[in-house]
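As a plain string of letters, each chain reads:
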Amino acid sequence: MRGGEFSAFHARAVAAVQAGVARYLGACAPAPRLWEAMRYAGQGGKLLRPVMVLAAVADSGGDLEGAVPLACAAEFVHAYSLVHDDLPPMDNDDQRRGRPSCHRQFDQATAILAGDALLALAFEVGLSARPARRARAAVQVLARAAGPFGICAGQSMDLGLEGTAQDPAAFEQCYYLKTGSLFAGSAVAGALLGTGVNAPVKALTGFGREFGLGFQLYDDIFDQAPGAPGTLLRWWSPQKAQERARAAMERARAHLPRGYVRLKELAYYVEGLMAKDQ
């Protein structure tokens, strides 16, 4: 796939997801403030996870239009995790995407409910993806990525609730769970919707995990100071972290089966995007 072809696909995927998210978050009744908070938290960002869903669907020969609900579901799972991560008992972040985090813009109770509602909406919306006979298996993968085998486990480790990580390898496991699990779930869910039982689950899981590790390292380099305790920069210099990020992205691409060209181009796209931010 040439760069121009991927750029066109990426623009089409982003537009479809933005329209879908706006449609699904367009309600006001019966709780207008809650819906306002959900819109505040659920719109914006790089949309990498829903684009990954659609790239996997397209690479596996599936129908993009029918997959938009599944892509939106992946973004709602991601948005829920950010809202909850920012809360004072968790990461205690006052800013998200250059503006006040949800609990600062509204209040903690509203933010908790908005996160809960986004997660529930993700499953409702995702199950409306087509073909319907494959939607259940795809949504089940996203659910697993969100819970105690994925994001929640990673956050528990990140908070030190599972003990303190004493070396980089242990902390990498946190990254694989907290960030890599939803990327892996997005790739696998898209392929399951596109191909059903023939989806290369193991290969795409490996792709998503390594993609997530690389992405998180790039994000750390951009956001954190050297030696930051909650990141791998506690042990690594920014230069070493960048080398590890590049290696992770290369491993991610190596996992991909032949024909998954949009997912490969997405990995190159993220590397270029993060390099511009640094």
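In what follows, the structure referred to is the one given above.
Residues numbered from 1 in each chain as written. Predicted model: local features only at pLDDT ≥ 70, side-chain atom pairs only at ≥ 80, totals over all residues. Heavy atoms only, no water.

**Here's the deal with the overall build of the protein**
When helices and strands are counted, the protein shows 12 helices and 2 strands. Helices and strands in the protein line up, N terminus first, as α-α-α-α-β-β-α-α-α-α-α-α-α-α. Over its C-alpha atoms the protein spans a radius of gyration of 18 Å, differing by no more than 12% from the 19 Å that the globule rule assigns to 278 residues. The principal-axis extent of the C-alpha atoms belonging to the protein is close to 50 × 45 × 35 Å. Every one of the 278 residues in the protein was classed for burial, and the buried ones make up 51%. Restricting to contacts in the protein with at least 6 residues of sequence separation, those with at least 24 account for 72%. Element-wise, carbon and sulfur atoms account for 53% of the exposed surface of the protein, whose accessible area totals about 12,300 Å². (Helix = DSSP H or I, 4+ residues; strand = E, 2+ residues; numbered from the N terminus. Rg over C-alpha atoms; globule rule 2.2 N^0.38 Å. Buried < 20%, exposed > 50% of the residue type's maximum accessible area, 1.4 Å probe, protein only. Contact = heavy atoms within 4.5 Å. Areas by Shrake-Rupley, 256 points an atom, 1.4 Å probe, with all protein chains shown as cover.)

**Describing the nonpolar core**
Counting 87 residues, the largest nonpolar core has L70, F76, F207, F211 and L263 as the members making the most contacts within it. Looking at this core, the element that brings in the most residues is helix α4 (residues 64-85), giving 13 residues. Not counting residues within four places of it along the chain, the set of residues in contact with F76 comprises V21, Y24, L25, L118, L121, A122 and V125. (Core = buried A, V, L, I, M, F, W, Y, C linked by side-chain atoms within 4.5 Å.)

**Observations concerning helix α7 (residues 132-146)**
In a regular helix each residue adds 1.5 Å, so 15 residues correspond to 21 Å; α7 covers 22 Å between its end C-alpha atoms and thus fits that length. Here α7 has its buried residues at A135, A138, V139, L142, A145 and A146. Looking straight down α7, one finds its buried side chains confined to an arc of 110°; they lie on one side. Turned more than 90 degrees from where α7 packs its buried face, R133, R136, Q140 and R144 sit exposed. On its buried side, α7 packs onto α4, α6 (108-126), α8 (151-158) and α9 (168-195). (Expected span 1.5 Å × (residues − 1). Arc of directions from axis to C-beta.)

**Quick look at the side chain of T195**
Inspection of the secondary structure assignment puts T195 in helix α9. Among the polar contacts listed, one links the side chain of T195 to the backbone nitrogen of A199, at a separation of 3.1 Å. Setting aside residues no more than four positions away along its own chain, T195 makes contact with S60 and R134. (Polar contact = N/O pair within 3.5 Å; in protein donor to acceptor, adjacent residues only side chain to side chain.)

**Structural notes on the environment of F123**
Turning to its location among the elements, F123 is positioned in helix α6. Separated by 114 residues in the primary sequence, F123 and S237 place their C-alpha atoms 40 Å from one another. Not counting residues up to four positions away in its chain, the partners in contact with F123 are V139 and A143.

**A word on the pattern of salt bridges**
Throughout the structure, instances matching the rule amount to 11 salt bridges. As a salt-bridge pair, D85 and K178 come within 3.8 Å of each other at their nearest N and O atoms. Taken together, the residues span a long stretch of sequence, with D85 in helix α4 and K178 in helix α9 at a distance of 93 residues. Between D86 and R96 there is a salt bridge, and its shortest N-O distance comes to 2.7 Å. Here the residue D86 occupies a position in the loop between α4 and β1 (95-96), and R96 occupies one in strand β1, the gap between them amounting to 10 residues. A residue is classified by how much of its surface remains accessible, and D86, at 2% relative accessible area, is buried. Connected through shared salt-bridge partners, D85, D91, D158 and K178 make up one network. (Salt bridge = Lys/Arg side-chain N within 4 Å of Asp/Glu carboxyl O.)

**Overview of unusual backbone geometry**
Put simply, A29 and P30 share a cis peptide bond, and its omega is 5°. In this structure, P131 follows R130 across a cis peptide bond, with omega equal to 0°. Inspection of the secondary structure puts P131 in the loop between α6 and α7. The backbone of L47 shows a phi angle near 60°, a positive value even though the residue is not glycine. If you trace the backbone, L47 turns up in the loop between α2 (32-42) and α3 (48-59). The exposure class assigned to L47 is buried, which follows from its relative accessible area of 8%. For R97, which is not glycine, the phi torsion reads 55° and is therefore positive. In this structure, R97 sits in the loop between β1 and β2 (99-100).

Note that every value here comes from positions in space, so none of it alone points to a role or purpose.
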